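Examining the three-dimensional arrangement
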Protein chains: 2
Amino acid sequence: MNMCSYICASIKEEMSQLITLSVPKEKLVKAAAIMKLVAHPTRLAVVDLLGRYDRLTVNEIADATGCEQSLLSHHLTNMRLSGLLKSEREGVNIFYSLKLKELSKLLACIENCECNL
Amino acid sequence: MNMCSYICASIKEEMSQLITLSVPKEKLVKAAAIMKLVAHPTRLAVVDLLGRYDRLTVNEIADATGCEQSLLSHHLTNMRLSGLLKSEREGVNIFYSLKLKELSKLLACIENCECNL
DNA sequence: TGATTATATGAATATGTGTTCATATATTTG
DNA sequence: CAAATATATGAACACATATTCATATAATCA
């Protein structure tokens, strides 16, 4: 390695150091995980509904989304276990609601972005 | 089915008709597809970088993200083929950039939501 | 032209996800 | 208590996705 290539490498290294993420990696991991959870038509629908109706029973969500009960239940269970939703029993019904209210903002945002696709 | 159950069913039906999606289903499908594409730490990083640096070579992105070249190339190719990115060769380098500028807004939005997690 | 650098591609594999189906549980009501 | 309703659960399967590795291509330069 001669002097020139040494200097060039050095410059290159400095240059590339300028290009950095604006967000720590762990945050990207977290964000990606949340997006992944929501990145499904039925689950987006759930977020949409619960963002507007505060709380709904499984049946109501099933009706509104047209999703079969068992499948919907799986979706809801996943979303609950990963902290997106919470549920409370009331008699024979179980009401679901958003644990992270911000999620509906996310939907609105995507809505927005998506217009310009 | 007696009169009462008929009336009840009817009321129930009317009630449940009030609960509807605010967005047509196809739109949810589209939105979910976009989110799915971005819902990965490396790909979020790519969106972040290209939102701020306008255009970058594969190597620059690889350095900044710490992602191995072949794997990154796969990610970039996917994102390009699905319309999120575009690429242009310039000599030995290939520059990638956001085709959907709105994507970086999406990232900001998630950032926001994510704070309150 | 041959070496080097930047990038892409394809096969193989591991792992994850969505869906279905059958069945279980909990609550209410007659 | 038996029946009906609302919801959950678990196994099985199909399918998609992420990753790795080896190799290909394309451009540049000596």
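The paragraphs below set out a description of the structure included in this document. (Residues numbered from 1 in each chain as written. Chains lettered and ligands numbered in written order. Predicted model: local features only at pLDDT ≥ 70, side-chain atom pairs only at ≥ 80, totals over all residues. Heavy atoms only, no water.)

1. Comments concerning the protein's contact with DNA strand C
The line we're drawing: When we say a residue is near a molecule or strand, we mean one of its heavy atoms is within 4 Å of it. Polar contact is the term for a pair of N or O atoms within 3.5 Å; when the atoms are in protein, one must be able to donate a hydrogen and the other to accept it, and sequence-neighboring residues count only if both atoms are side-chain atoms. Secondary structure is summarised from DSSP: a helix means a run of H or I of at least four residues, a strand means a run of E of at least two, and numbering begins at the N terminus for each. Three residue categories are used. Nonpolar comprises Ala, Val, Leu, Ile, Met, Phe, Trp, Tyr, Cys and Pro, charged comprises Asp, Glu, Lys and Arg, and polar comprises the others, including Gly.
Around DNA strand C lies a shell of 23 residues, among which Ser70 of chain A together with Asn59, Ser70, His74 and Tyr96 of chain B are the nearest. In the model, a phosphate oxygen of DNA strand C is placed 3.1 Å from a nitrogen or oxygen of the His40 of chain A side chain. Those elements that place two or more of their residues in the surface near DNA strand C are helix H5 (69–81) of chain A together with helix H4 (58–65), helix H5 (69–81) and strand E3 (93–98) of chain B. It is H5 of chain B that provides the largest number of residues to the surface near DNA strand C, a total of 5 residues. Here the residues of the surface near DNA strand C are counted per class, giving 6 nonpolar, 13 polar and 4 charged.

2. Observations regarding the interface of chain A and chain B
Interface extent is often summarised as the accessible area lost during association of the parts. Under the convention used in this document: By definition in these notes, contact holds between two residues if any of their heavy atoms fall within 4.5 Å. Accessible-area loss on putting two parts together, using a 1.4 Å probe and summing over both, is the definition of buried area adopted here. Within this document, salt bridges are pairs made up of a side-chain nitrogen of Lys or Arg and a carboxyl oxygen of Asp or Glu, the two lying within 4 Å of each other.
Facing the 46 residues of chain A at the interface are 46 residues of chain B. For the pair chain A and chain B, the summed buried area comes to about 4200 Å², and 71% of that belongs to carbon and sulfur atoms. For the interface between chain A and chain B, the tally reads 0 salt bridges. Summed over the shared surface of chain A and chain B, the number is 10 residue pairs in polar contact (both at pLDDT 80 or more). Among the elements that make up the side of chain A that touches chain B, the one with the highest residue count is helix H2 (residues 25–38) of chain A (11 residues).

3. Considering the protein's contact with DNA strand D
Among the 23 residues in the neighbourhood of DNA strand D, the closest are listed as Asn59, Ser70, His74 and Tyr96 of chain A together with Ser70 of chain B. What you see for DNA strand D is that sugar and phosphate hold 62% of its atoms within 4 Å of the protein. At 3.1 Å, a backbone N or O of Ile94 of chain A approaches a phosphate oxygen of DNA strand D. Contacts to DNA strand D include His74 of chain B, whose side-chain N or O atom sits 3.3 Å from a base oxygen. The set of elements that each furnish at least two residues to the surface near DNA strand D consists of helix H4 (58–65), H5 and strand E3 (93–98) of chain A together with H5 of chain B. The element best represented in the surface near DNA strand D is H5 of chain A, accounting for 5 residues. Per-class residue counts for the surface near DNA strand D are 6 nonpolar, 13 polar and 4 charged.

4. Observations regarding H5 of chain A
Residues and elements named next belong to chain A. For the record, the criterion: To estimate how far a helix should extend, the number of its residues minus one is multiplied by 1.5 Å. Remark: exposure states derive from per-residue accessible area (1.4 Å probe, protein chains only) relative to the maximum for the residue type, with buried under 20%, exposed over 50%, and partly exposed in between. This arc is taken over the directions from the axis of the helix to the C-beta atoms.
Taking 1.5 Å per residue as the helical rise, H5 with its 13 residues ought to reach 18 Å, and the 18 Å between its terminal C-alpha atoms agrees with that figure. Buried within H5 are the following residues: Leu72, His75, Leu76 and Met79. The arc that holds every buried residue of H5, seen down its axis, measures 95°, which confines them to one face. Facing away from the buried side of H5 by over 90 degrees, the exposed positions are His74 and Leu81. Structurally, H5 contributes buried residues whose contacts are with helix H3 (41–53), H4, strand E2 (85–90) and E3.

5. Comments concerning the pairing of E3 of chain B
Residues and elements named next belong to chain B. Selection rule: At least two bridges found by DSSP between two strands are what make those strands a pair.
Two elements, strand E1 (residues 55–57) and E3, share 3 bridges in a ladder whose sense is antiparallel. The partner of Arg55 across the bridge, within E3, is Ser97. In this sheet, E3 lies alongside strand E2 (residues 85–90) in antiparallel orientation, the contact comprising 6 bridges. Along E3, the bridge assignment pairs Glu88 with Phe95. Linkage of E2 to E3, two consecutive antiparallel strands, is achieved through a turn of 2 residues, within which Gly91 is found at a positive phi near 65°.

6. Overview of the packing of helix H2 (residues 25–38) of chain B against helix H3 (residues 41–53) of chain B
Residues and elements named next belong to chain B. The condition is simple: Lines fitted to the C-alpha atoms define the axes, with helices restricted to the stretch that makes contact. Angles between their N-to-C directions range from 0 to 180 degrees. In what follows, roughly perpendicular refers to angles from 65 to 115 degrees, roughly parallel to angles under 35, roughly antiparallel to angles over 145, and oblique to any angle outside these ranges.
Relative orientation of the contacting elements H2 and H3 amounts to 95°, with a least axis distance of 7 Å. When the axes of H2 and H3 are compared, the pair comes out roughly perpendicular. Mapping the contact onto sequence places Lys36, Leu37 and Val38 in H2 and Arg43, Leu44 and Val47 in H3. Grouping the constituent residues of the contact of H2 with H3 by class yields 4 nonpolar, no polar and 2 charged.

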